[in-house]
Amino acid sequence: MTSRFDIGIVGAGLIGSALALWLNKHSDFSVCLIEQQQSLSEPEIDNQRVVALGSLAHNFLDDIGVFQALGADHAHPYRAMCVWDDNSDGELEFEAESLGQANLGHMVDSPMCNYKLHEALLSSDVACYFASSITSLVQQSKRARLEIDTGGDSGSLSCGLLIAADGARSWLRQQAKIFANTQSYGQMGIVATIETELLHQDCAWQVFLETGPVAVLPLANNKSSIVWSADDSRAQELLNLSETEFEISLSQALQNRLGKVRLCSPRQGFPLKSLRAERYFAANIVLVGDAAHSIHPMAGQGANLGFKDALALGQLLLKSDRSNIASPRLLSKYQLQRQNDNRQTDAFMTALHHAYRVDVAAFMLARGAGMNLLNASPLLRKALTAQAMGI
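Since the model is a prediction, treat every value here as computed from it, not as a measurement.

1. Concerning the overall build of the protein chain
Now for step 1: The number of helices and strands found in the protein chain is eleven helices and 20 strands.
Now for step 2: Out of the 391 residues in the protein chain, the part that is buried amounts to 52%.
Now for step 3: Partitioning the intrachain contacts of the protein chain with sequence separation of at least 6 by distance along the chain shows that 74% fall at a separation of at least 24.
Now for step 4: Counting every atom, the protein chain has about 17500 Å² of accessible surface; 50% of that belongs to carbon and sulfur.

See below:
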């Protein structure tokens, strides 16, 4: 027997899971979700990975009843940002107060959020196929037929629209023969949880070093999550340091603004890459999140862009019916709405990455002067604050 659904979502990460719940709440489409891994259990250890979510992502998760389930320990608000250049006197500060807001966003524990999403999915009307591998995909007239293996048992699914939310190495994108341009930054991101001697003041701190930026993201109980982006050789050196040596190096990199730091978790490293899909749909397959794009983490916008994709696609689907949910006209509108925004953000992050690697004295002085000029302009700071909040 073949199970028929209007929409199939492949990938149960933050974006795929949240979109499945959103469609289940706001539409009468039948939705299924296919994920290779088992559904998540509640994390038992401190997590090194957090995502900085702005107001749109916050509202999206709040709408489906997941954000409030996280609690203050796993979704910590931050009210300010302090950014400075290690090689000049340039410094920028943003505050939510300038926009009459209580905070700039929330630092959200990614594994805990994903667990809460899975928990909600398993009690919803979404047909969930966890621990399931897709063994074949056949495009039929206006539908896609999937053969899946659920741990020894096989089955068939027929979907009017397939949403690829299966990450940067998207299998579904490859099956759709959509080319994705991938470029390495030649850097690794090192993540860990730390505790600081001085209070982080609910402020996100970031310093630009010659070898890459260091971000300190405030969490509950005066802990913080760090993302230290460094050239591959430097990153390997940092990973090879003892805990004490790493703590000293991190304190020095932050110019001791937060005093001594103490590691509260192991360090993990991952390669940093930029990915751009040449198009966002083919036939009845459409891409969202990292399957369509990934960017440098220096501004913490990756997850926010994914939630923007989910909302844009979801709102367009609400205006359609079962007969045209995969129409080229609808999917072209989605691509038009999201591709330019995603590419512009990627281009800006790449330009910023290159700008802070230039070690020419005159350029560094100009760079610092530019930061200070921005900081001195209330209008420009207000605009940058709004951008940081995703407004």
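2. Section: the confidence of the model for the protein chain
Now for step 1: Averaged over the protein chain, the pLDDT score is 88; the fraction of residues at 70 or greater is 86%.
Now for step 2: For the protein chain, per-element mean pLDDT is lowest for helix H10 (residues 361-376), which scores 58, and highest for helix H1 (residues 14-26), which scores 98.

3. Thoughts on the sheet that holds strand S3 (residues 50-53)
Paired through their backbone hydrogen bonds, the strands of a sheet run either parallel or antiparallel.
Now for step 1: Spatial strand order, S3-S7-S4: three strands in an open sheet with antiparallel pairing. Looking at which strands have only one partner, the edges of the open sheet turn out to be S3 and strand S4 (75-78). Mean inter-strand twist for the sheet, computed between neighbouring axes without regard to direction, equals 25°.
Now for step 2: As paired strands, S3 and strand S7 (residues 105-109) are joined by four bridges and run antiparallel to one another.

4. A few points about the nonpolar core
Now for step 1: Counting 73 residues, the largest nonpolar core has Ile 7, Ile 9, Leu 61 and Ile 163 as the members making the most contacts within it.
Now for step 2: Broken down by element, this core gets its largest block of residues, eight residues, from H1.
Now for step 3: Setting aside chain neighbours within four positions, we find Ile 163 in contact with Ile 7, Gly 8, Ile 9, Val 10, Leu 19, Leu 23, Leu 172, Val 286, Val 288 and Leu 313.
Now for step 4: Ranked by size, the runner-up nonpolar core spans 25 residues in total, among them Cys 203, Ala 235, Leu 238 and Phe 246.

5. Comments concerning the side chain of Ser 224
Now for step 1: Looking at the secondary structure, you find Ser 224 in strand S15 (residues 223-231).
Now for step 2: For Ser 224, a relative accessible area of 0% corresponds to the buried category.

6. Details of the packing of H1 against helix H4 (residues 110-122)
Now for step 1: Contact pair H1 / H4: the axes reach a minimum separation of 10 Å and the direction vectors enclose 30°. In terms of orientation, H1 and H4 fall into the roughly parallel class. Between H1 and H4 lies a crossing of left-handed hand. On H4, the residues that touch Leu 14, Ser 17, Ala 18, Ala 20 and Leu 21 of H1 are Ser 110, Cys 113, Asn 114, Leu 117, His 118, Ala 120 and Leu 121.
Now for step 2: Here the contact of H1 with H4 is composed, by residue class, of eight nonpolar, four polar and no charged.

7. Overview of the pairing of strand S9 (residues 133-140)
Now for step 1: Judged from the seven bridges that link them, S9 and strand S10 (residues 143-149) form a sheet pairing that is antiparallel. Looking across to S10, one finds that Gln 139 is bridged to Ala 144.
Now for step 2: Joining the antiparallel neighbours S9 and S10 is a turn of two residues, in which Lys 142 adopts a positive phi near 65°.

The rules behind each value
Residues numbered from 1 in each chain as written. Predicted model: local features only at pLDDT ≥ 70, side-chain atom pairs only at ≥ 80, totals over all residues. Heavy atoms only, no water. Helix = DSSP H or I, 4+ residues; strand = E, 2+ residues; numbered from the N terminus. Buried < 20%, exposed > 50% of the residue type's maximum accessible area, 1.4 Å probe, protein only. Contact = heavy atoms within 4.5 Å. Areas by Shrake-Rupley, 256 points an atom, 1.4 Å probe, with all protein chains shown as cover. pLDDT = per-residue confidence, 0-100. Pairing = 2+ DSSP bridges. Axes fitted to C-alpha atoms, helices over the stretch in contact; angles between N-to-C directions. Core = buried A, V, L, I, M, F, W, Y, C linked by side-chain atoms within 4.5 Å. Parallel < 35°, antiparallel > 145°, perpendicular 65-115°, else oblique. Left-handed = near helix turned anticlockwise from the far one by under 90°. Nonpolar A, V, L, I, M, F, W, Y, C, P; charged D, E, K, R; others polar.

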